[in-house]
Amino acid sequence: MPSNSSPVAESPESPLVEPESPPVEPVGSTKIHAALTRSSTGSADLRELESGLDSLQSDAARKARVDWSRVLLPIAALVVLVIIWQFYVSLGLKRRDQVPGPMDVVAQFGTLWAEGSLLEAVWTSLQRGLLGFLISVVIATPIGLLLAQVAPLRRAFGPLISGLQVLPSVAWVPAAIIWFGLTDATVYFVVFMGAIPSIINGLISGVDQIPPQYRSVGTVLGASRLQMAVQIILPAALPGYLGGLKQGWAFSWRSLMAAEIIAVGGTIGFGLGSMLNQGRDLADMTIVMSAILLILAVGILIELLVFGPVEKRLLQRRGLLSGSTR
């Protein structure tokens, strides 16, 4: 007996199509949408917006792995330089008291270590450099934000800040000695004058590179001027700000060495610059080379242990490492 219900034949002209799943929005896009559509305008929304903007710019998470080339290549370069140094010394073009060999400098390192002056010099200079740099950051950051946000102040003081950055910080040493005498205040003042202008200009440069949409979103969320500066402008300007911090550290370290070389005596302690000056007074090139190598080593270690990892992490979070040689 024929059935009233007949199977429906699938027509080639009308194939069964599965419903499409809704597109998956990126995490950052979801956070931004939630922050913009929420009725609240509190600081929690601003923090969520900041997190969403960072997520939109970040690369896919990279697996943590040890890149031995970052260790082996610098060591290989150092070995090559030492070999070239020893080869030049072996040619005998200069007297050994003028151009000592690597082993002569190593022997001097041992003597300075035994006397205790090596550790004293490194600790004194490193302590001054780090403390002076941190105080410079505390002073320069609000000034930089203020100049970047207030146009009349920037037009008035911007050229002066740039001029101070160009001025060699060693020029401040004679004035600092007259004002503060042979004390640590002289050294710190020279460090401040070397670091603060670079940090301010770096922060201003970072703020100038912020897309205008960031400020527009902050305005929509009802951010105050302080919230706009601290929670939107400063995080968005971090790449330029970090560049200013690196340059500020370089200027503060160089300024410190210049101050320690010139300002000798009084209550000023024995730092690496003092060691360098001592080697000059004694016409002992092994002491001079030891001080130079120690100054160079401290600068390299600060870069490798502090600024390098921070900069890499920041650029990785914002998706700026693609194609980079870092």
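Reference entry: report on the structure contained in this document. (Residues numbered from 1 in each chain as written. Predicted model: local features only at pLDDT ≥ 70, side-chain atom pairs only at ≥ 80, totals over all residues. Heavy atoms only, no water.)

Attention now moves to the overall build of the protein chain. When you go through the protein chain residue by residue, the secondary structure sums to 13 helices and 0 strands. Each helix (α) and strand (β) of the protein chain, taken in turn from the N terminus, gives the series α-α-α-α-α-α-α-α-α-α-α-α-α. With 326 residues in all, the protein chain has 37% of them scored as buried. Of the contacts formed within the protein chain by residues at least 6 apart in sequence, a portion of 72% connects residues at least 24 apart. Accessible surface for the protein chain amounts to roughly 19500 Å². Of this, 67% is attributable to carbon and sulfur atoms. (Helix = DSSP H or I, 4+ residues; strand = E, 2+ residues; numbered from the N terminus. Buried < 20%, exposed > 50% of the residue type's maximum accessible area, 1.4 Å probe, protein only. Contact = heavy atoms within 4.5 Å. Areas by Shrake-Rupley, 256 points an atom, 1.4 Å probe, with all protein chains shown as cover.)

The next thing to look at is the pattern of salt bridges. The full count for this structure, using the stated rule, is 6 salt bridges. The shortest N-O distance in the salt bridge between Glu260 and Arg128 comes to 2.8 Å. Here Glu260 is found in helix H11 (residues 238-262), whereas its partner Arg128 is found in helix H5 (residues 117-149), with 132 residues between them in sequence. When its relative accessible area of 4% is taken as the criterion, Arg128 is described as buried. Glu303 is the salt-bridge partner of Lys246, the closest N and O atoms lying 3.8 Å from each other. Taken together, the residues Lys246 in helix H11 and Glu303 in helix H13 (residues 285-317) connect sequence positions 57 residues apart. Accessibility expressed as a relative area gives 24% for Lys246, which makes it partly exposed. By relative accessible area, Glu303 is classed as partly exposed at 27%. (Salt bridge = Lys/Arg side-chain N within 4 Å of Asp/Glu carboxyl O.)

With that out of the way, let us pick up the side chain of Ser198. Within the fold, Ser198 resides in helix H8 (residues 184-208). The exposure class assigned to Ser198 is buried, which follows from its relative accessible area of 0%. What Ser198 contacts, discounting residues up to four positions off in sequence, is Gln165, Gly244, Gln247, Gly248 and Phe251.

Tracing the backbone shows Leu145 in helix H5. For Leu145, a relative accessible area of 11% gives the class buried. Residues Leu145 and Leu234, spaced 89 residues apart in sequence, show a C-alpha to C-alpha distance of 7.8 Å. Here Leu145 is in contact with Leu203, Ala229, Ile233 and Leu234, once residues within four sequence places are set aside.

We now examine helix H7 (residues 172-180). Taken as a whole, H7 has its buried residues at Trp172, Val173 and Ala176. Projection of H7 onto a plane perpendicular to its axis shows the buried side chains occupying an angular sector of 95 degrees, all on one side. On the buried face of H7, the contacting elements are helix H6 (151-166), H8 and H11. Count one or two residues on from H7 and you reach Gly181, which has phi positive near 75 degrees. (Arc of directions from axis to C-beta.)

What follows concerns unusual backbone geometry. One non-glycine residue, Ala283, adopts positive backbone phi at about 55 degrees. Secondary-structure assignment places Ala283 in the loop between helix H12 (272-281) and H13. Of the residues examined, Ala283 reaches a relative accessible area of 64% and is grouped as exposed.

Counting residues in hydrophobic clusters, the biggest one holds 58 residues, and the most contacted among them are Leu245, Trp253, Leu272 and Met275. Taken together, the elements giving at least two residues each to this core come down to H5, H7, H8, helix H10 (225-236), H11, H12 and H13. Ranked by residue count, the leading element in this core is H8, at 13 residues. (Core = buried A, V, L, I, M, F, W, Y, C linked by side-chain atoms within 4.5 Å.)

Next up on the list: the packing of H7 against H8. One way to put it is that H7 packs onto H8 with a least axis distance of 9 Å and a crossing angle of 140 degrees. Judged by the inter-axis angle, H7 sits oblique to H8. Crossing handedness for the pair H7 and H8: right-handed. Where H7 abuts H8, its residues Trp172, Val173, Ala176, Ile177, Trp179 and Phe180 lie against Ala185, Thr186, Phe189, Val190 and Met193. (Axes fitted to C-alpha atoms, helices over the stretch in contact; angles between N-to-C directions. Parallel < 35°, antiparallel > 145°, perpendicular 65-115°, else oblique. Left-handed = near helix turned anticlockwise from the far one by under 90°.)

Now for the packing of helix H9 (residues 212-220) against H10. Interaxial distance between H9 and H10 falls to 10 Å at its minimum, and their mutual angle equals 160 degrees. Taken together, H9 and H10 sit at an angle that is classed as roughly antiparallel. The chirality of how H9 crosses H10 is right-handed. Between H9, through Tyr214, Arg215, Gly218 and Thr219, and H10, the contact on the second element is made entirely by Met228, Ile232, Ile233 and Ala236. Residues of the contact of H9 with H10, tallied by class, amount to 5 nonpolar, 2 polar and 1 charged. (Nonpolar A, V, L, I, M, F, W, Y, C, P; charged D, E, K, R; others polar.)

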